Amino acid sequence: MKVIEKIREATAANDNRVVFSFEFFPPKTEDGVDNLFERMERMVAHNPTFCDITWGAGGSTADLTLEIANRMQNMVCVETMMHLTCTNMPVEKIDHALETIKSNGIQNVLALRGDPPHGQDKFVQVEGGFACALDLVKHMRSKYGDYFGITVAGYPAESLLGYSLLKCTLVPVLIDGGVAPPEAYENDLAYLKKKVDAGADLIVTQLFYDTDIFLKFVNDCRQIGITCPIVPGIMPINNFKGFLRMTGFCKTKIPPEIMAALEAIKDNEEAVRAYGIHLGTEMCKKIMASGIRTLHLYTLNMEKSALAILMNLGLIEESKISRPLPWRRPTNVFRVKENVRPIFWANRPKSYISRTVGWDQYPHDRWGDSRSASYGVLGDYQFLRPRSRDKKLHEEWAVPLKNVEDIYENFMKFCLGKLRTSPWTELDGLQPETKIISEQLGNINLKGWGGPGGYVYQKAYLEFFCSPEKLNALVDKCKIFPSLTYMAVNKEGTWKSNVNNTDVNAVTWGVFPAKEIIQPTVVDPQSFMVWKDEAFEIWSRGWAKLYPEDDPSRKLLDEVQSKYYLVSLVDNDYIHGDLFAVFKDI
């Protein structure tokens, strides 16, 4: 979905809702990328309108930016805006980038001229490339029509980077105390209007610290006929040296009272960060009081200050992270209507997305519409983990295993929340709705979703591995619990069940005001058979591989993998049922 459409939706709601967004940049190392995505997952849980990723000085991180943008849109499932610059970019490379993100379901681009290449002090148009952002906007609209939502940068009077872009020609201007002379400022406004007239539908500003200058900039834009939303770019101050470096690079005017306050505490990093949060909060309050309901936070890949500002404003609450569905709704334009999934991948959403990426149609309202679609084969991707997570798994799961009871012990610890990781989950710890029954899960080894004013119904569901002997006892007990349905299969595909192969069982559904009933989570035998291959493979590629090749623990895990059954159990009496009763005396 285009960001401009999401902002218009929020504005049309007329409920004084403020929307916010985050900016990130590509880290320089693999570990940095892993850490960024962990941080991004936590921040995206607060439901930003979008997140953007920068292109990098001189186009130096082009491939990485494309990769990160794809993962943001399709794995993190946040509406993604990718920066695209003219630096070192002939039109062929620009079109390659645009075609790539289009094929990945991304619809939003921030069109920029870009910084000079590394080691140079001025921008030079490359052969076959564009001279400025205006050229880029015109090209995108000419070749791609209305597919992309195009955002451009706006520069309040205090932060013109020392140049005015008039008719795509760089004209040096004298900056007096961070403020450009009137003629240069007017020229820059006129150029901004040309970008909007050429097809840009949103403006995000450069960082600033004088709110009055930003508000004047917005008013001046309105006076010359710029009517699109203007989003203020807010950069929290995290440390004094970084603040001086960034404001120096951007030629940003710093009000004397802010510099005086920082000078007094510049050697106390905690005090500087606390002041930065306070300043950011007060700036946003003044902006919101003027009627502007959008905020864009330049995070510098750090989360605490940005989230603290939003919490101070009452825009987020750590204890009230809402979800419209039990899983994060896709943002890819090709699967944005998807609202039904099998429950089996609840803890491995990225694996599910990667195995269904080739589907022509995604299930909407009813799973039956798409159950015949084939799942992608298992590959290395389904078993890749960030290095930090891999390290934690080693700490928690690569412990000596003397017998099968030691295996049970590890599962029990995870169910009780004593372990944060599991080879079978991509997520951090138990999901909120699982924590309600964590003690019962521990013995045998809801935070809600949806909007306000509705009701959520959920059948008790349990999935586990068990020995053939335990499974036989469980099957016998199920005969006296008519509300229970089960499916069980081992690694070789031996199947035991009391449901038909074509049955589809909705295990969660929600009833909300002015909406049709939604059933976002289902249990179906065909998907279960696909999932079982992945679930059993995790015994070896997710857990056993943590041990040396000849370790006895590894041999024990291989034995369990080959003998045990994967079981899916549903209690269809969602009012009076007691799923755990069947386990008594087993």
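Just so it is clear, the model here is predicted, and its values are computed rather than measured.

Student: Could you clarify how one ought to interpret empty space enclosed by the protein in this entry?
Tutor: Rolled over the atoms, a probe sized like a water molecule indicates the empty space that remains. Computed from the structure, the largest cavity encloses a volume of approximately 50 Å³. If you go around the largest cavity, the residues you meet are Ile7, Val19, Phe20, Ser21, Thr49, Phe50, Val231, Thr294 and Leu295. Secondary-structure elements contributing two or more residues to the lining of the largest cavity are strand S1 (19–24) and strand S10 (294–298). The residue inventory of the lining of the largest cavity, partitioned by class, reads 6 nonpolar, 3 polar and no charged.

Student: I keep staring at the pairing of strand S8 (residues 202–207) and nothing clicks. Help me out?
Tutor: Within a regular strand, the side chains alternate between the two sheet faces. The buried fraction of S8 amounts to 6 of the 6 residues, a majority that puts the element mostly inside the structure. As defined by bridge partners, strand S5 (residues 149–154) adjoins S8 across 4 bridges and the pair is classed as parallel. Bridge pairing in S8 places glycine 154 opposite threonine 205. Between S8 and its parallel partner strand S9 (residues 230–234), the chain crosses via helix H7 (residues 211–223), and the hand of that crossover is right-handed.

Student: Can you walk me through the pattern of salt bridges in this structure?
Tutor: A pair can form between side chains of opposite charge whenever their charged atoms are brought close. This model, assessed by the stated rule, comprises 26 salt bridges. Note that glutamate 534 and arginine 348 form a salt bridge whose closest N and O atoms lie 2.8 Å from each other. Of the two residues examined, glutamate 534 and arginine 348, each falls in the buried class. Through salt bridges with shared partners, one network takes in Arg39, Arg42 and Glu303.

Student: How do you make sense of the sheet that holds strand S11 (residues 341–342) when you look at a structure like this?
Tutor: Within a sheet, adjacent strands bond to each other through the backbone by hydrogen bonds, running parallel or antiparallel. Taken in spatial order, the 4 strands make up an open sheet running S11-S17-S16-S12, and their pairing is mixed. Two strands in the sheet have a free side with no partner beyond their single neighbour: S11 and strand S12 (455–458). The pairing of S12 with strand S16 (residues 505–511) spans 4 bridges and is classified as antiparallel. When the sheet's bridge partners are listed, tyrosine 455 is paired in S16 with valine 511.

Student: Is there a simple way to explain the pairing of strand S18 (residues 565–571) in this structure?
Tutor: Buried residues dominate S18, accounting for 7 of its 7 residues. Side chains Tyr565, Val567, Leu569 and Asp571 project from S18 onto one buried face, and the interleaved Leu566, Ser568 and Val570 project onto a second face that is buried too. With 7 bridges connecting them, strand S13 (residues 460–466) and S18 associate as antiparallel partners. Its bridge partner being in S18, cysteine 466 is matched across the sheet by tyrosine 565. With 7 bridges joining them, strand S14 (residues 484–490) and S18 adopt antiparallel strand pairing. Along S18, the bridge assignment pairs valine 489 with leucine 566.

Student: Explain helix H2 (residues 30–44) to me, please; I cannot follow it from the model alone.
Tutor: Helical geometry: 3.6 residues make up each α-helical turn, so side chains three or four residues apart lie on a common side. Over its 15 residues, H2 extends 21 Å from the first C-alpha to the last, a length consistent with the 21 Å expected when each residue adds 1.5 Å. Within H2, burial applies to Gly32, Val33, Asp34, Leu36, Phe37, Met40, Met43 and Val44. Along its buried surface, H2 packs onto S1, strand S2 (50–53), helix H3 (62–76), helix H11 (304–312) and helix H13 (387–397).

Student: Would you mind going over the packing of H2 against H13 with me for this structure?
Tutor: The geometry of a pair of packed helices is captured by two quantities: the angle between their axes and the separation between those axes. One can describe the packing of H2 onto H13 by two numbers: an axis separation of 8 Å at closest approach and a directional angle of 85°. When the axis of H2 is compared with that of H13, the two are roughly perpendicular. From H2, Glu30, Asp31, Asp34, Asn35 and Glu38 reach across to H13, where they touch Arg387, Ser388 and Arg389. Per-class residue counts for the contact of H2 with H13 are no nonpolar, 2 polar and 6 charged.

Student: What should I look at first to understand unusual backbone geometry in this one?
Tutor: Keep in mind that most residues, glycine aside, have a negative phi and that most peptide bonds are trans. A positive phi is found at leucine 300, a non-glycine position, where the angle reads about 55°. When you line up the elements, leucine 300 lands in the loop between S10 and H11. Exposure remark for leucine 300: the relative accessible area of 32% places this residue in the partly exposed category. In this structure, asparagine 301 is a non-glycine residue whose phi angle is positive, near 65°. Here asparagine 301 is to be found in the loop between S10 and H11.

Student: Help me understand the packing of aromatic side chains in this model?
Tutor: For any pair of aromatic rings, the description rests on two quantities: the centre-to-centre distance and the angle between the ring planes. Evaluation of the coordinates by the stated rule reveals 30 aromatic pairs. Taken together, a centroid distance of 5.7 Å and an interplanar angle of 70° make the contact between phenylalanine 464 and phenylalanine 583 edge-to-face. One end of the pair, phenylalanine 464, is in strand S13; the other, phenylalanine 583, is in the segment after S18, with 119 residues separating them in the sequence. We classify phenylalanine 464 as buried; its relative accessible area is 14%. Three or more aromatic residues link up through ring pairs in this structure, and these residues are Phe344, Trp345, Tyr352, Trp359, Tyr362, Tyr375, Trp495, Phe528 and Trp531.

The rules behind each value
- Residues numbered from 1 in each chain as written.
- Predicted model: local features only at pLDDT ≥ 70, side-chain atom pairs only at ≥ 80, totals over all residues.
- Heavy atoms only, no water.
- 1 Å grid on protein atoms, 1.4 Å probe; cavity = no way out; pocket = protein on both sides within 12 Å on 5 of 7 lines; lining within 4 Å.
- Points joined across faces, edges and corners; volume = space filled by probe spheres on them.
- Helix = DSSP H or I, 4+ residues; strand = E, 2+ residues; numbered from the N terminus.
- Nonpolar A, V, L, I, M, F, W, Y, C, P; charged D, E, K, R; others polar.
- Buried < 20%, exposed > 50% of the residue type's maximum accessible area, 1.4 Å probe, protein only.
- Pairing = 2+ DSSP bridges.
- Right-handed = clockwise from strand over helix to strand, strands pointing away.
- Salt bridge = Lys/Arg side-chain N within 4 Å of Asp/Glu carboxyl O.
- Expected span 1.5 Å × (residues − 1).
- Contact = heavy atoms within 4.5 Å.
- Axes fitted to C-alpha atoms, helices over the stretch in contact; angles between N-to-C directions.
- Parallel < 35°, antiparallel > 145°, perpendicular 65-115°, else oblique.
- Phe/Tyr/Trp six-rings, centres within 6.5 Å; stacked < 30°, edge-to-face > 60°.

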